[in-house]
Amino acid sequence: MTYNEFRTRLLPSRSVADILRHSTGNLRLRTKLLFSFIFLTAALTSLTLLVVRRNAQAQVERQIELDSQNATLTVQAVHRQQKTSLSRKADLLASLAYMRNGDPTAIRDASEDPWQSDDCNLFVLANKSGKIVALHSTTFSLTIAAAQEMVSRSINRGETSSWWFSGTSLYQVVLQPFYDTNSRKNLLGFVVVGRLINERAAADLARITSSDIIFREAGKVAVSTLPLLKEAEFSRTFPDQFVPTELNLGDERYHASAIELASSLQPVADIIVLKSHREADAYLQRLNRLLLGLGFMAIIAGAVLIFLISDTVTRPLESLVKGVHALARGDMEYPLEASGHDELSELTRAFDGMRDTLERNETQREQLEGQLRQAQKMEALGRMAGGVAHDFNNLLTVIRGHSDLLLDRLQPEDPLYRSSQQIRKTSDRAAALTRQMLAFSRMQVLQPKVLDLNELIADMGKLLRRLVREDIEFSLCLGDSLGRIKADPSQLEQVLLNLTVNASDAMPLGGKLTIETQNLFVDNKNAHLHSSVERGDYVVITVSDTGHGMNAATKARIFEPFFTTKEPGKGTGLGLATVYGIVKQSGGFIHVDSTPGKGSRFKVYLPQTFEQLYMAPELPELREAIVTRKTVLVVEDEREVRELACEFLKAAGYSVLTAEDGSEALEIAQRFGKSVHVVLTDIVMPKMRGPALVKRLKILLPHLKIVYMTGYLEQSAPDEDFLQDAFFLQKPFSRESVVGQVGESLKVSPLPKRVSKARLLAESLPV
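Since we're looking at a predicted model, the values are computed, not measured.

Comments concerning the sheet that holds strand 1 (residues 122-127)
Then, in step 1: On the basis of which strands lie adjacent, the open sheet formed by five strands has the order 2-1-5-4-3 and antiparallel pairing. Each edge of the sheet is formed by a strand with only one pairing partner; in this case those strands are strand 2 (132-137) and strand 3 (161-165). Across this sheet, the average inter-strand angle for adjacent strands is 20°, counted without regard to direction.
Then, in step 2: Alignment of strand 1 against strand 2, held across five bridges, turns out to be antiparallel. If you follow Val124 over to strand 2, its bridge partner there is Leu135.

Digging into the side chain of Asn498
Then, in step 1: On the secondary structure map, Asn498 appears in helix 13 (residues 489-505).
Then, in step 2: Classification of Asn498 as buried rests on a relative accessible area of 16%.
Then, in step 3: Every residue in contact with Asn498, bar those within four places of it in the chain, is listed here: Gly575, Thr578 and Val579.

Some details on the packing of helix 13 against helix 15 (residues 575-585)
Then, in step 1: At a closest axis distance of 9 Å, the pairing of helix 13 and helix 15 adopts a crossing angle of 145°. For helix 13 against helix 15, the interelement crossing comes out left-handed. Mapping the contact onto sequence places Gln491, Gln494, Val495, Asn498, Leu499 and Asn502 in helix 13 and Gly575, Leu576, Thr578, Val579, Ile582 and Val583 in helix 15.
Then, in step 2: When its residues are assigned to classes, the contact of helix 13 with helix 15 shows six nonpolar, six polar and no charged.

A closer look at the nonpolar core
Then, in step 1: Ranked by size, the top nonpolar core spans 37 residues in total, and within it Leu453, Leu499, Ile515, Ile541 and Phe602 carry the most contacts.
Then, in step 2: When residues of this core are assigned to their parent elements, the largest contribution, seven residues, is made by helix 12 (residues 453-467).
Then, in step 3: If we ignore the near neighbours within four places in the chain, the residues touching Leu499 are Val543, Leu576, Val579, Phe602 and Val604.
Then, in step 4: By size, the runner-up hydrophobic cluster in this structure holds 23 residues, among which are Val398, Val641, Ala645 and Met709.

Side note on the sheet that holds strand 8 (residues 246-249)
Across a sheet, strands are paired by hydrogen bonds formed along the backbone, either parallel or antiparallel in direction.
Then, in step 1: Taken in spatial order, the five strands make up an open sheet running 7-6-10-9-8, and their pairing is antiparallel. Each having just a single partner strand, strand 7 (220-224) and strand 8 make up the two edges of the open sheet. Sheet twist, expressed as the average angle between the axes of neighbouring strands with direction ignored, equals 35°.
Then, in step 2: In this sheet, strand 10 (residues 269-276) lies alongside strand 6 (residues 212-217) in antiparallel orientation, the contact comprising six bridges. Across the sheet, Arg216 pairs through a bridge with Asp270, a residue of strand 10.
Then, in step 3: Those strands touched by helix 6 (residues 199-209) are strand 6, strand 7 and strand 10, and its axis lies near 135° from that of strand 6.

About the cut-offs
Along each chain, numbering runs from 1 in the same order as the chain's sequence is written. Reporting of local features is limited, given that this is a predicted model, to residues whose pLDDT is at least 70; pairs of side-chain atoms are given and counted only at 80 or more, and all residues count toward the totals for whole chains, interfaces and linings. Excluding hydrogens and water, the side-chain figures rest on all heavy atoms present in the structure. Only strands that DSSP links by at least two bridges are regarded as paired with each other. Counting from the N terminus, the helices are the DSSP runs of H or I reaching at least four residues and the strands are the DSSP runs of E reaching at least two. Helix axes use the C-alpha atoms of the stretch in contact, all axes being lines fitted to C-alpha atoms, and the angles between their N-to-C directions lie in the range 0 to 180 degrees. Relative accessibility decides the category of a residue: with a 1.4 Å probe and only protein chains considered, values under 20% of the type maximum give buried, values over 50% give exposed, and everything between is partly exposed. By definition, residues are in contact when any of their heavy atoms lie within 4.5 Å. Left-handed describes a crossing whose near helix is turned anticlockwise from the far helix through less than a right angle; right-handed describes the clockwise counterpart. When residue character is reported, Ala, Val, Leu, Ile, Met, Phe, Trp, Tyr, Cys and Pro are called nonpolar, Asp, Glu, Lys and Arg charged, and the others, Gly included, polar. Only buried Ala, Val, Leu, Ile, Met, Phe, Trp, Tyr and Cys residues count toward a nonpolar core, and they belong to the same one when joined by side-chain atoms within 4.5 Å.

As far as function goes, none of this settles anything; it's purely spatial.
Next comes the structure, spelled out in C-alpha cells:
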C-alpha cells in the first residue's frame, strides 16, 4: 500500500480536522484530569480521616465508660473496706463496754488514742433499751437528740451498719450489741462506731478513683470535690434524685454514675462519681489537628503527583497528535517520543511502526501475499488429509480384506502364502500411519472396561521391550492382589507406551527403566504426600528412570501441549500432554518427581472399582453357521469396500443387501421393512451422511441395529452423540472385526479380540 492510498483510506480530511481540534483541547484534557484526580484524592483522604477520627472518638468514649465503671467499683470496695475496719473497732469497744459494765468512761477512753484515727471519729454508748449513755464526736453538728433518733431507728430496723445524716454531716456507722458472758440472751447495751464523711474523705476517694465525688442526701449536696461554681450549678440543674449519664458543668463534660448508699435509708442518700472528659477532649483536639495536617499534606502531595502523572500521560499524546499532523502533511520522519511502557507509549511505537510499514516496498507486500498463499495451502493440505485418509483407508480395507481371503484359501506351504502375509502386515503398518496423520485432530472415544492392570502390563511387556534400547535395563515389578480399575484398555496402553518412550529418550547413555504397580489408599493423613490426589483407593503405576532428570522450570511445563526439551525434529511435545489428558479423562491423577542428574519418576493414580472383571470372550469359528439367519444392509459408496464386506458377511451366514448411498438405503429399508436387522454404514458418503441416514432409519425401523464404519470418526462427527447405542468399526477392517461387530450388535457372536491403537503403532515401528 502506497502513502497516498493510506492517506485516502485511513486519514480522510474529516479525521485530520478532528485530530486538530483534539490537539487544541489538550490543555483542557490535562486540567480535567488534574481536577478530577485532586477531587478524588481529597474525597478519599477526607473519608479516611473521618473514619479514623470517629473510630478514635468511639474508643475514647468506651474508655471513659470503662474508667467510670472501674471508679464506681473502687468506691464500693473502699466503703466495704471502711465498714470492715469500723466493725473491728466496734467489737473492741463492745468488749471494753462489757468489761466496764456499761460505764460511760469507756466512750471517753475510746475517743482518745489509739482509738481515735482518721477513719473513726464517732463513738456512742447506749443501754439495752437504746438510750444513749455517752457520745463522743469530733464535730459539733451531731447533737445527742439527733444521735438518739438515728440509734433508735437503726436498732428498730435491726441494722448492723448504716449511714447517719445530721443535716450537714454524713457518717458511716457500725452498730454492735454487747451481752453478758454468762447468758447470751442478757443484752447489756449497744455501741456505735462511725466515720465522718467530710471534704477530706471525699478528696481521698476522688484521688483514688481519679474522678470527682459528690455525696448527696435527699437530692442535696452534702460533700463534694467539685469547685464551688460547678457544685452550685450541679445543685441547680439536678435538684432531685435523677442524674443523667452524660452532663455538662460549665465548659466541661462528665460521665456520671450513681451509687445508692442504702436502699432502706430515708431520706435517700447516694454517691455521684463524675468522670471528666477533659483529657479525652484534649486528646481528640490534638488528633483533629494531626489529622487535618496529614490530610492537607496528603492532598498537596497527591495534587503534585497527579499533576506529574497527567503531564506524563498527556505529553506523549500531544507528541502523537503532532506526528499524525506530520503524517497528514507527508512527513514520515517526524520524531516521536515513546520512552515508557504504558499504553500511550505502545500506541506511539505502534504508530511509528505503521509509518515504517507504509515505507516498505512492494517486495514486502509480495512476501505477505506469499505467506498468505502458504497459509491457505497448509489449510488446504489439512482438509485434504481427511479425504486422503478416508480414501486411503478404503484402499487399505480392500487390500487387507483380500489378503485375508488369500490367506484363507492358500496353504502355508504355498509359495504365495508368504507374499499374502507380507501384504497383510504392510497394510497394517499403513493403517497405523493413517492414524498418526489424524492424531492431532481426533477426539478419543473411550470404551471403559473393568481391567486387571497387571494382566494388561504383562501382555504389553514384550511390546515395550521392543521400544527400549539394549543399553537400558528394563524390569517389571507388578504388585500382588492388585485392585481392579475401569478404563479404556487401548488408552492405558497409549499411556504406558508414551511414558516408556519418554523414559528411554531421557537415558541417551543407557540406564535402568522400571514399571511398578501397587495398591494405595490415600487418606487425610498421607494426602499431603500425594499432590492433588483426592482421598480414596487407587491402583498406582510408577514409571521410573535413571536419566538426566528435570529442573523445576521444566517439570512445571512438561504436560503443556507442544512443550518439548528434545532437539528439533525429535519430538512434537504431545506425548506427555496425551498422557495427562487420558489419565484425567479416566478419573485419575498423575504426579512427577524429578531431580536433575538423578532421573524421573511418573506416578499414575487410577481409582479402584469393585465391578466384575471384564473377560474378553474367545472368537467363534468363522465357518460355523449362524443359528438364526439375519439380514444385514451394507451402505458404502466405495464399490470395492462394499463388495468385500458383503463377501465377509455372506461367508459367515448372513443375508446381505447393499446400497451405494443413503437414498438407496432408505428405499431398500422401506421395501424390506422389519426383515432388515442390521445396518452397516459408512459415515462419510455423498448425498446423505451416515448419521443422517441412521436418524431416518430409526424412525422407520426402531428395532434396527447400527454399526458405523469409517477411517476417521472424529473429524466426520458433527454430532457428538451420534454413536450412542451404536457400534463402531475402524477402517481398514478385517474379516474377524466385521463379523464380530455385526454379531455383537445382534448378540449372536462376541466381539473379536481387540487390537489396540498403541499395539498397532508399536508394531509399525522398526525393531
